[in-house]
Every structure is written in C-alpha cells, then in structure tokens.
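What follows is each chain in one-letter form.
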Amino acid sequence: MTHWRIETFETLDSTSDLCLARAAAGEAAGFAVLAGVQTGGRGRAGRSWQSPPGNLFLSVLLRPAARPEDAGLFSLMAGLVLAESLQRFLPPPVKTMLKWPNDVLIGSAKLGGVLIEAGIETDRIGWMVIGFGANLAHAPGVPGRAVTSLAAHGGAANPNQVMREILARLDRWLNPMEPETLRAAWLGRAHAPGTPVTVDGGRVSGSFAGLTAEGSLLLERAGGVETIRAGEIALG
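The following refers to the structure shown. Treat the numbers as computed from the prediction; the structure is a model and nothing was measured.

## What about the nonpolar core?
Nonpolar side chains in soluble globular proteins tend to end up buried together. Core analysis: the biggest nonpolar cluster contains 54 residues, and L56, F132 and L170 have the highest contact counts within it. With 10 residues, helix 2 (residues 71–87) is the largest single contributor of residues to this core. If near-sequence neighbours (up to four positions away) are discounted, L56 is found in contact with L34, L82, F132, G133, A134, L136, P159, V162, M163 and I166. A35, L61, W127 and V129 belong to the second-largest nonpolar core, a separate cluster that totals 10 residues.

If you want it as structure tokens, here you go:
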C-alpha cells in the first residue's frame, strides 16, 4: 500500500466505529482515522477505553482477502507494528515487549494495545479494522492492571508522529506478509518460553511454549501442549 487516506478529528466517538461504517459503505483499503480525543473508545470484550488528549487513538481499514484462519497472524502483526513504532520514540535501554496476542508492555505494565474487528465475505476476510491505542502522554488507571506511558520512560512523541510510524510499518509487514519472519520478530519481543501463563482468569493455566503457524498460543500443561486460539492471558 503506497498511499494512505488519512482523516483527523479533534474529537470523535470512536475511530474504529467510523472505520466500520466506512467499510460497510464500501470504502477501499488504506483508510486511516486519527482522533485527538475519543468519547466512546472501546477495548476488548466491550470495555471502555479511556481517551485523554495526548495519547494515540488510530484505526485503519484493510481489505486483505486472506483466509479466516490467518486472522491470528494479522493480530500478531498489529501488535508487533505498535511495539516497533513506540520503540522508535523510547530512549535506550527501555524496550517494548509483547504479550499474546497484541498487548504492548514495558516491563509488566501495559503501554498500548490493539482491537481487531473483521468481516468474512465468501470464505475470505473481506474487511478488517485495526484499532491502535497507546499511552503516549498519560497512563489512565485500569482496575487490577499496571499501566504506563511513553512519557513515564523518557519518551516523547505526538499522536501524528506515532501514526506515521505505524502506517509505514504496516506497509512493511503487509507487502507481502511473511508468516515465518513475522512470528520470529514477534517472539523476539515476547515473554520467554516457560513463562507461567493464565488464560481468562484461571480457566486454563500452564507455561508459554510458542506459537502455531497461524499465530495461536501454545500452552504447555501437565497433559501436553494445548492450543489457545482466543482468550485474555496474564503472565507470571
């Protein structure tokens, strides 16, 4: 993708909701929306996403025509793109890391995350909206979770700068998407093999054993290695 069509708003209900509406109206791939403030931002599982000014609220529309089973790779790719983009604005030795599938951390504190919504058309992913959120200037509190910001670690970037970095890295990873290279890069920023992992608040627990070819989580348990295709994990 060589040209992104970018719309920016001082205030918007939700960047992803606007992308979803445009997708339904037939908008082509390469559409991006950046908001200074969101009044109805959404996270995973319908959670609200606090959206103070100075942080990143960006959504993009893709039409990848990929197989539905490849959705996990896009999830890994989006998290990696966000982690690499934020890394660009952090001083050494601070390093972003990834928690499956696409949370971006510094240490054990969440710096940013991704929300992906997609539609299947004739056995293919007809459209995909990727929402990127990151704490650049502020780290709004989240009950039960450690959070951080770019500024708290000596980083400095405005939302427009980070957006440009994200769009450039999306071009890099999408054209073409190389699954083996993508998984290797993701694992290079991930929790180490053997790290204790709990899924969905204790529904399943074990230790991190890598990724499948499609990007699912491999969890080593007493009875063998189990594949986790969806869920929210806690480390340690």
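## As for the pairing of strand 2 (residues 31–38)
Taking burial as the measure, the eight residues of strand 2 include six buried ones, the bulk of the element. Examined bridge by bridge, strand 1 (residues 5–12) and strand 2 share seven bridges and lie parallel to one another. In the strand pairing of strand 2, R5 is matched with F31. Handedness of the β-α-β unit built from strand 1, helix 1 (residues 15–24) and strand 2 comes out right-handed.

## Quick look at the packing of helix 2 against helix 3 (residues 159–174)
In a pair of packed helices, the angle between the axes and the distance between the axes together describe the arrangement. Axis separation between helix 2 and helix 3 bottoms out at 9 Å; the angle between their running directions is 135°. Regarding the angle of helix 2 to helix 3, the classification is oblique. For the pair helix 2 and helix 3, the sense of crossing is right-handed. Contacts from F74, M77, L80, V81, L82, E84, S85 and L86 in helix 2 reach V162, E165, I166, R169, L170, W173 and L174 in helix 3. Partitioned by chemical class, the residues of the contact of helix 2 with helix 3 number 11 nonpolar, one polar and three charged.

## Section: helix 1
Listed in full, the buried residues belonging to helix 1 are T15, S16, L18, C19 and A23. One face of helix 1 carries all of its buried residues, which in axial projection span an arc of 160°. Close packing links the buried residues of helix 1 with strand 1, strand 2, strand 3 (56–62), strand 6 (109–121) and strand 7 (124–134). The opening residue of helix 1, the one whose side-chain oxygen lies 3.3 Å from the backbone nitrogen of S16, is S14.

## Considering the sheet that holds strand 12 (residues 233–235)
Strand order in this open sheet of five strands is 11-10-9-8-12, and the pairing throughout is antiparallel. The open sheet has two edge strands, strand 11 (224–228) and strand 12, and neither has a second partner. With direction set aside, neighbouring strand axes in the sheet form an average angle of 45°. Pairing between strand 8 (residues 196–199) and strand 12: three bridges, direction antiparallel. Bridging across to strand 12, T198 finds its partner in A234.

## Some thoughts on the pattern of salt bridges
Here the structure, examined in full by the defined rule, presents 12 salt bridges. As a salt-bridge pair, E27 and R22 come within 3.7 Å of each other at their nearest N and O atoms. Judged by its relative accessible area of 23%, R22 is partly exposed. Put simply, D103 and K110 hold a salt bridge, and the shortest N to O gap is 3.3 Å. A relative accessible area of 3% places D103 in the buried class. Beyond isolated ion pairs, a larger network of salt bridges with shared partners links R5, E7, R22 and E27.

## Things to note about the environment of W186
Position of W186 among the secondary structure elements: in helix 4 (residues 179–187). Sequence spacing of W186 and A83 is 103 residues, and the spatial spacing of their C-alpha atoms is 9.4 Å. Contacts of W186, omitting those with residues within four sequence positions, involve L76, L80, L98, K99, W100, P101, H191, F208 and L211. Among the polar contacts listed, one links the side chain of W186 to the backbone oxygen of P101, at a separation of 3.1 Å.

Rules behind the numbers
- Residues numbered from 1 in each chain as written.
- Predicted model: local features only at pLDDT ≥ 70, side-chain atom pairs only at ≥ 80, totals over all residues.
- Heavy atoms only, no water.
- Core = buried A, V, L, I, M, F, W, Y, C linked by side-chain atoms within 4.5 Å.
- Buried < 20%, exposed > 50% of the residue type's maximum accessible area, 1.4 Å probe, protein only.
- Helix = DSSP H or I, 4+ residues; strand = E, 2+ residues; numbered from the N terminus.
- Contact = heavy atoms within 4.5 Å.
- Pairing = 2+ DSSP bridges.
- Right-handed = clockwise from strand over helix to strand, strands pointing away.
- Axes fitted to C-alpha atoms, helices over the stretch in contact; angles between N-to-C directions.
- Parallel < 35°, antiparallel > 145°, perpendicular 65-115°, else oblique.
- Left-handed = near helix turned anticlockwise from the far one by under 90°.
- Nonpolar A, V, L, I, M, F, W, Y, C, P; charged D, E, K, R; others polar.
- Arc of directions from axis to C-beta.
- Polar contact = N/O pair within 3.5 Å; in protein donor to acceptor, adjacent residues only side chain to side chain.
- Salt bridge = Lys/Arg side-chain N within 4 Å of Asp/Glu carboxyl O.

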